[in-house]
Amino acid sequence: MDPYTTAPRSRWRRGVLAAGLVIPFTASQIWALLVLLRLAPLDGLVGQAFWLILLGSVAAIWAGWRWTWQLGRDRDLPPASKARVPT
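### Observations concerning a nonpolar patch on the surface
A grouping of Ile-30, Leu-34, Leu-37, Leu-42 and Val-46 is seen on the molecular surface, where their side chains present a nonpolar patch of about 420 Å² in accessible area. Here the element with the most residues in the nonpolar patch is helix α1 (residues 11-39); it accounts for 3 residues. Position of Val-46 relative to the elements: it lies in helix α2 (residues 45-72).

Here you go:
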């Protein structure tokens, strides 16, 4: 055992921390869109702005959850070797 190696990173911990960041922002974006949908008339320029904001929010939510998914994946582990270990 090498005493100078770093501790293995926990993918579970990274995924939970990333989700802890993404969940509040997702909820606040959905809340803001619902408030805008309820209070603003959706005709004319306000309606066009609403659709632009909706598309931006969907893209931001998708990017945040994609980031969370990638942090929680098992990508830093090398694949298992199929060669026999000599004894």
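### Observations regarding the packing of aromatic side chains
Enumeration according to the criterion identifies 1 aromatic pair in this entry. Their ring planes at 70 degrees and their centres at 5.5 Å tell us that Phe-50 and Trp-51 sit as a pair that is edge-to-face. With a relative accessible area of 6%, Phe-50 lands in the buried category.

### What to know about the environment of Gln-29
Along the chain, Gln-29 falls in helix α1. Filtering out sequence-adjacent residues up to four positions away, Gln-29 remains in contact with Ser-57, Ala-60 and Ile-61.

### Some thoughts on the environment of Trp-65
With respect to the element layout, Trp-65 can be found in helix α2. Accessibility expressed as a relative area gives 36% for Trp-65, which makes it partly exposed. Measuring from C-alpha to C-alpha, the distance between Trp-65 and Leu-21 comes to 9.9 Å, with 44 residues separating the pair along the chain. Sequence-distant contacts of Trp-65, defined by excluding residues within four places in its chain, comprise Val-22, Ile-23 and Thr-26. Separated by 3.2 Å, the side chains of Trp-65 and Thr-26 make a polar contact.

Cut-off values and rules
- Residues numbered from 1 in each chain as written.
- Predicted model: local features only at pLDDT ≥ 70, side-chain atom pairs only at ≥ 80, totals over all residues.
- Heavy atoms only, no water.
- Patch = residues over 30% accessible without salt bridge, like charges linked within 9 Å, V, L, I, M, F, W, Y side chains within 5 Å.
- Areas by Shrake-Rupley, 256 points an atom, 1.4 Å probe, with all protein chains shown as cover.
- Salt bridge = Lys/Arg side-chain N within 4 Å of Asp/Glu carboxyl O.
- Helix = DSSP H or I, 4+ residues; strand = E, 2+ residues; numbered from the N terminus.
- Phe/Tyr/Trp six-rings, centres within 6.5 Å; stacked < 30°, edge-to-face > 60°.
- Buried < 20%, exposed > 50% of the residue type's maximum accessible area, 1.4 Å probe, protein only.
- Contact = heavy atoms within 4.5 Å.
- Polar contact = N/O pair within 3.5 Å; in protein donor to acceptor, adjacent residues only side chain to side chain.

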